[in-house]
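Listed here are the chains, written in short residue letters.
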Amino acid sequence: YRPENMLILLLCFFLSVPPTIEVDVKLIEGLVVKAGSTIALPAKMTGRPDPEITWTKDARALSRDKRTEMNNNYPLCELVINDAVRSDYGKYAIVAKNSSGQAQNLKVAYVTKNSCMVSWENPEDNGGTEITQYIIECRQPSQRGWTVVSSDCTKRLMKAPLSEGCEYFFRVSAENKIGAGPPTETKAPVLAVDPIEKPGEPIDFQISEIGKTFCFLKWKKPDYDGGSRNLAYHVEKKPKEAEEWERIHKGAIKETYFMADRCIENQIYQFRVQTKNEGGESNWVTTAEVLVKEQLVEPEVKIKLDGTLVVKAGDSIPIEAMVKGKPQPDVKWTKDEGTEEIRKGPRLQIETGADFSKLLVTGARRTDSGKYVVTASNSAGTCAAHATVNVLDRPGPIRDLKVSGITIDRCILTWEVPEDNGGCDIYNYIIEKCETKRGVWSVHSNAVITNKANVTLQSEAIVAGTQFSVPDAPETPEVTKITKEEMTNSVTLVWTRPKNDGGSKIIVKIPGVYVFLTFLM
């Protein structure tokens, strides 16, 4: 073994240079070609000794064939694919490797929202000299450049810091006295979130409704989601005679309820549900055995109204009732004590659903006041509820207007209250008067609170005056008898009663003479 040979070997080791690759930026951004044309991917490299070149497509190594050429003319190399076809679409990569070595078996584990553990193994070839340290880098998928996490790591394991919710690629390069070798990259990004575990079981799993051929199932979310908000559920059923459970939906259910239909009437079933997330599936929660058949429940009706519904004339009258029962009840509306069903019309709308019924009267009138009755009936029974409605409007006319107590300047009016007060108490009356000669009405008072008033006004034509008037004159009297006695003289006069006595008994007195009056009838 000659000393000069050793010198040559040492020079070769110390002159080793790790590979580098230069690719046109346009190729990195993407290359578009037409079918049938040629795909050419050139690259330039450096390194000592000459690197070993490997081309890959979608992480699989390529080899020469009738359409594929690999031209390695150091420092230039090129991948050529002739007669391009649709299946040539993909991600192409070039790997250059020489005696400087490449770290291998790169792994990322124990990922949390704040950090992860990156590990790797020594390169198969250390470049002829001891590995001194490792360079660890990372980048996010949206970034092109790499960020150095550590450039002097001497172990094959390190804890890398992360930002919560971000994705990261990692790569590691081995370095010796000559320099750094080619990096090894992770193929898929890691997401900085806490590890996800299996979720807890669904809570309060129950059958809320049973029909002729269905069961409606519902449950609540588990207390523990395993660290994931992406919860879903699986639901299965099993007839009593069956041994295997049957999945009764496709995919997974996001809701916390499910309609298990296509059951056989009068068949006994069991149902079960489990939670799932990215971490796995929970244990099953199972119902007791249940007989699937039509359930009979007497109707129940409740009107959503407290007390009397009061509206003004012209407004709308909305009445809504909650209706329950199995099978679904038939619903009808009536008014007051009548039996005739209320029908839809220009002012009246009725809407009935699975568990409600609504009545709407528009343009309310005074005659719309009353009791509205909703009745629900099914094969299990009948139930009714009512709502009282009062439509407020102007009152009707007063009744039995009377005039009395007429004097020279006033009279007394009395009357009875209207038959219809308009839906509320009457708090005021308005009195008007009219002189018969003028024929014009004017307000005498608009603040009368009782049904009696002292006024002068028109009922029938009334002439103002005292209670009693002067009587008419009698006809000319006749002397029918004359008597003369010792101390007195007398005469008997006769006349006809006047047509108008002035409203009082007539009294006749002739001063100084006693007169016997005889009225001719």
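Residues numbered from 1 in each chain as written. Predicted model: local features only at pLDDT ≥ 70, side-chain atom pairs only at ≥ 80, totals over all residues. Heavy atoms only, no water.

The protein goes by Titin in an unreviewed UniProt entry, where it is assigned to Stegastes partitus.

### Remarks on the sheet that holds strand β17 (residues 215–220)
Rules: Two strands pair if DSSP finds at least two bridges between them. A helix here means a DSSP run of H or I that spans at least four residues, while a strand means a run of E at least two residues long, and both kinds are numbered starting from the N terminus. As a rule, the C-alpha atoms of each element are fitted with a line to give its axis, helices using only the stretch in contact, and angles between N-to-C directions run from 0 to 180 degrees.
If you walk across this open sheet you meet the 3 strands as β16-β17-β20, and the pairing is antiparallel. Each having just a single partner strand, β16 (203–210) and β20 (257–260) make up the two edges of the open sheet. When the angles between neighbouring strand axes are averaged without regard to direction, this sheet yields 20°. As paired elements, β16 and β17 share 5 bridges and run antiparallel to each other. When the sheet's bridge partners are listed, Ile203 is paired in β17 with Lys220.

### Topic: the pairing of β17
Our working definition: When accessible area is computed with a 1.4 Å probe and restricted to protein chains, residues below 20% of their type maximum are described as buried, those above 50% as exposed, and intermediate ones as partly exposed.
Across the two faces of β17 the burial differs, with Cys215, Leu217 and Trp219 buried and Phe216, Lys218 and Lys220 not buried at all. With antiparallel pairing between neighbouring strands as the criterion, β16 and β17 make up a hairpin whose turn holds 4 residues. Summarising the sheet, β17 and β20 pair through 4 bridges and their orientation is antiparallel. Directly across from Leu217, in β20, lies its bridge partner Phe258.

### Some thoughts on the environment of Thr56
Short version of the rule: The contact definition used throughout considers only heavy atoms, calling two residues in contact when any of these lie within 4.5 Å.
Within the fold, Thr56 resides in strand β3 (residues 52–57). For Thr56, a relative accessible area of 13% puts it in the buried group. With 35 residues separating them along the chain, Thr56 and Lys91 place their C-alpha atoms 8.2 Å apart. Discounting chain neighbours no more than four positions away, the residues touching Thr56 are Ala61, Leu62, Lys91, Tyr92 and Ala93.

### Considering a nonpolar patch on the surface
Applied cut-off: Patch membership is restricted to residues that have no salt bridge and whose relative accessible area is over 30%. Joining uses 9 Å for like charges and 5 Å for the nonpolar side chains Val, Leu, Ile, Met, Phe, Trp and Tyr. Areas reported here follow the Shrake-Rupley algorithm with a probe of radius 1.4 Å; residue values treat only the protein chains shown as occluding. In what follows, salt bridge is the name for a side-chain nitrogen of Lys or Arg lying within 4 Å of a carboxyl oxygen of Asp or Glu.
A grouping of Ile21, Val23 and Ile28 is seen on the molecular surface, where their side chains present a nonpolar patch of about 230 Å² in accessible area. Summarising the element assignment, Ile28 is placed in helix α2 (residues 25–29).

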